[in-house]
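# Breakdown of the fold
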Amino acid sequence: MDAVDDANQLRETSKNEVMSFFESSPLLKDAAEIEKSLKEFVDRNTSSSGNLNGKANRVVCITSGGTTVPLEKQGVRYIDNFSSGHRGAASTEYFLKAGYSVVFLYRRGTCQPFCSSLPDDPLLECFSVADDSSIEVDALHAETVKRAITENRAAVAEGILLKLPFTTIFEYLQILRLISVSLRDLGPSAIFFLAAAVSDFYIPWESMAFHKIQSASGPLDMRLVQVPKMLSVLRNEWAPMAFHISFKLETDRDILLANADMALKKYKMHMVIANELSTRKEEVIVVTEQEKVTVRRDNTWAGAEVECPLVELVVDRHSAYIKKFDA
Ligand code: 9Z3
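These numbers were taken from a predicted model, which means no experiment stands behind them. (Residues numbered from 1 in each chain as written. Predicted model: local features only at pLDDT ≥ 70, side-chain atom pairs only at ≥ 80, totals over all residues. Heavy atoms only, no water.)

### Here we look at the UniProt feature "domain: DNA/pantothenate metabolism flavoprotein C-terminal" (unreviewed entry) in the protein
Under the local residue numbering, the UniProt record ascribes the feature "domain: DNA/pantothenate metabolism flavoprotein C-terminal" (unreviewed entry) to residues 57-105 and 188-297. Helix makes up 24% of residues 57-105 and strand 35%, with an end-to-end C-alpha separation of 19 Å. Along residues 188-297 the backbone is 21% helical and 30% strand, and the end-to-end C-alpha distance reaches 28 Å. (UniProt positions renumbered as here; feature names shortened; annotations may be inferred. Helix = DSSP H or I, 4+ residues; strand = E, 2+ residues; numbered from the N terminus.)

Laid out in structure tokens, this is it:
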């Protein structure tokens, strides 16, 4: 067998794995509703009166938060992936500012756009009951609460921000597939900015216990299988013309760049954003075929976020990518 046969066989194997992942996944609740809102979103952002946000037809799908892997069908126990959702939520705000429309695919309960300055428990910490019939915002938080509500509602009402929640790996990948197929006709104008922390291993639905696993039976042995590599399918089949950005997270600095390079080549990403867990809010390294650029948070003022210069750089490289198709 030569190298071409090898590559074809590998592609077939991974295609089959992907197919069987979806065939055996629990049905996505609200799939019809999600498809409808995606269609409305895309229509609104491609019609001539169009994307009212500035950059005609430019849409970014931002994934955010960690996926869970259930251990039981009834969902008592699960394995989680770390991600607060800050990267995705902050990037959403900067992309909106840059004139993009955003599909925000986020883990339920994680950080939301426009809410980063709110305290941990906004309902209990920002409001007071003035008398029996009225609730007031405390003066200290009034501006932050006003901004969170008005900017979020305005973006959703204008149709430039579509928020879709997920919890499990099954929901995440099924919704990502629906989004990518919906954005396909946007060609190079679409970006996939995959900041979600996605499980590498899972328990297939058909081999999962139905009821809560009993601890009386002693120690638990279970076999997790690998989640098929969806980056390849997304890149090559679901949205082949889009600009694809994945993230590489490591805790060991010494292997970070090598792994980012590997992901860039293996999945033919346009950009891999490498970050270390402990310094992820300070700096990231943007890896492309041509360059490695370290992007740092501006340390001269307290509220600065690394996502600001990061999104600026992404928009610049995306513009260059689109130009190649115009030429
Ligand atoms: C990231 O690396 C994100 O930057 C973080 C952001 C999850 C670190 P926070 O949400 O943190 O602001 O708290 N995301 C991708 C992580 C991931 O699962 N990458 C896979 C990998 O490293 C590739 S898709 O293998």
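Now, onward.
### Describing the pairing of strand β1 (residues 59-64)
In terms of residue burial, β1 counts as a mostly covered element, since 6 of its 6 residues are buried. Direction of pairing for β1 relative to strand β4 (residues 101-107): parallel, over a ladder of 6 bridges. Each residue of the ladder has a partner; that of T63, found in β4, is L105. The pairing of β1 with strand β8 (residues 190-194) spans 5 bridges and is parallel. Across the sheet, the residue bridging to V60 is I191, located in β8. (Buried < 20%, exposed > 50% of the residue type's maximum accessible area, 1.4 Å probe, protein only. Pairing = 2+ DSSP bridges.)

### As for the environment of I135
You can see I135 is positioned in strand β6 (residues 135-137). A relative accessible area of 62% means that I135 is categorised as exposed. Once residues within four sequence positions are removed from consideration, I135 is found in contact with F127, S128, V129 and A130. (Contact = heavy atoms within 4.5 Å.)

### A closer look at the site of the ligand
Inspection of the region around the ligand gives 15 residues, with S83, S84, A195, K248 and N275 positioned closest. One of the backbone N or O atoms of R87 is found 2.9 Å from an oxygen atom in the ligand. Within the contact set of the ligand, a nitrogen atom lies 2.8 Å away from a backbone nitrogen or oxygen of A195. Notes on the ligand: free accessible area 610 Å², of which the protein chains cover 89%. Every element with two or more residues in the shell around the ligand is listed here: α3 (86-97) and β11 (243-250). Broken down by element, the shell around the ligand gets its largest block of residues, 3 residues, from β11. Here the residues of the shell around the ligand sort into 7 nonpolar, 5 polar and 3 charged. (Near = heavy atom within 4 Å. Polar contact = N/O pair within 3.5 Å; in protein donor to acceptor, adjacent residues only side chain to side chain. Areas by Shrake-Rupley, 256 points an atom, 1.4 Å probe, with all protein chains shown as cover. Nonpolar A, V, L, I, M, F, W, Y, C, P; charged D, E, K, R; others polar.)

### Topic: the packing of helix α2 (residues 31-46) against helix α6 (residues 169-183)
How two helices pack is summed up by the angle between their axes together with the distance between the axes. Relative to each other, α2 and α6 sit at 30°, their axes nearing to 10 Å. It follows from the interaxial angle that α2 and α6 lie roughly parallel. Crossing handedness for the pair α2 and α6: right-handed. Across the interface between the two elements, A31, I34, E35, L38 and V42 of α2 pack against I175, L178, I179, S182 and L183 of α6. Grouping the amino acids of the contact of α2 with α6 by side-chain chemistry returns 8 nonpolar, 1 polar and 1 charged. (Axes fitted to C-alpha atoms, helices over the stretch in contact; angles between N-to-C directions. Parallel < 35°, antiparallel > 145°, perpendicular 65-115°, else oblique. Left-handed = near helix turned anticlockwise from the far one by under 90°.)

### Topic: the pattern of salt bridges
Applying the stated rule across the entire model yields 17 salt bridges. Measuring nitrogen to oxygen at the nearest pair gives 3.7 Å for the salt bridge that ties K36 to E40. Note that K36 and E40 are positioned in helix α2 at a spacing of 4 residues, about one turn of the helix. Taking relative accessible area as the criterion, E40 reaches 48% and is therefore assigned partly exposed. Three or more residues joined by partner-sharing salt bridges are found here, namely R253, E276, E283 and R296. (Salt bridge = Lys/Arg side-chain N within 4 Å of Asp/Glu carboxyl O.)

### Examining the nonpolar core
Of all hydrophobic cores here, the largest spans 41 residues; its most connected members are L164, L173, L176, I179, L183 and F192. Among the secondary structure elements, those contributing two or more residues to this core are α1 (3-24), α2, β1, β4, β7 (161-166), α6, β8 and α7 (230-238). Here the element with the most residues in this core is α6; it accounts for 9 residues. In this structure, F192 is in contact with C61, L176, I179, S180, L183, L234, A239, A242, F243, H244 and I245, ignoring residues within four places of it in sequence. Among the nonpolar cores identified, the runner-up in size contains 33 residues, and I62, V102, L310 and V315 belong to it. (Core = buried A, V, L, I, M, F, W, Y, C linked by side-chain atoms within 4.5 Å.)

### Description of helix α5 (residues 142-157)
With 16 residues, α5 should cover 22 Å at 1.5 Å per step; its first-to-last C-alpha distance of 22 Å lies within 8% of that length. Every buried residue belonging to α5 is among V145, A148, N152 and A155, and all of these are buried. Looking straight down α5, one finds that the buried residues subtend no more than 130° of arc, so they occupy a single side. Across α5 from its buried face, at more than 90 degrees, point the exposed residues E143, R153 and A157. On its buried face, α5 sits against α3, α4 (122-126), β5 (127-129), β6 and β7. Where α5 ends, the next residue or the one after it, G159, has phi of about 80°, a positive value. (Expected span 1.5 Å × (residues − 1). Arc of directions from axis to C-beta.)

### A word on α2
Residues separated by three or four positions in an α-helix point in the same direction, a consequence of the helix having 3.6 residues per turn. In this model α2 runs 22 Å from its N-terminal to its C-terminal C-alpha over 16 residues, within 8% of the 22 Å that 1.5 Å per residue would give. Turning to α2, its buried residues number three or more, namely I34, S37, L38, F41, V42 and N45. Considered in projection along α2, the buried side chains sweep an arc of 135° and stay on one side of the axis. Along α2, exposed side chains directed more than 90 degrees from the buried face belong to A32, E33 and K39.

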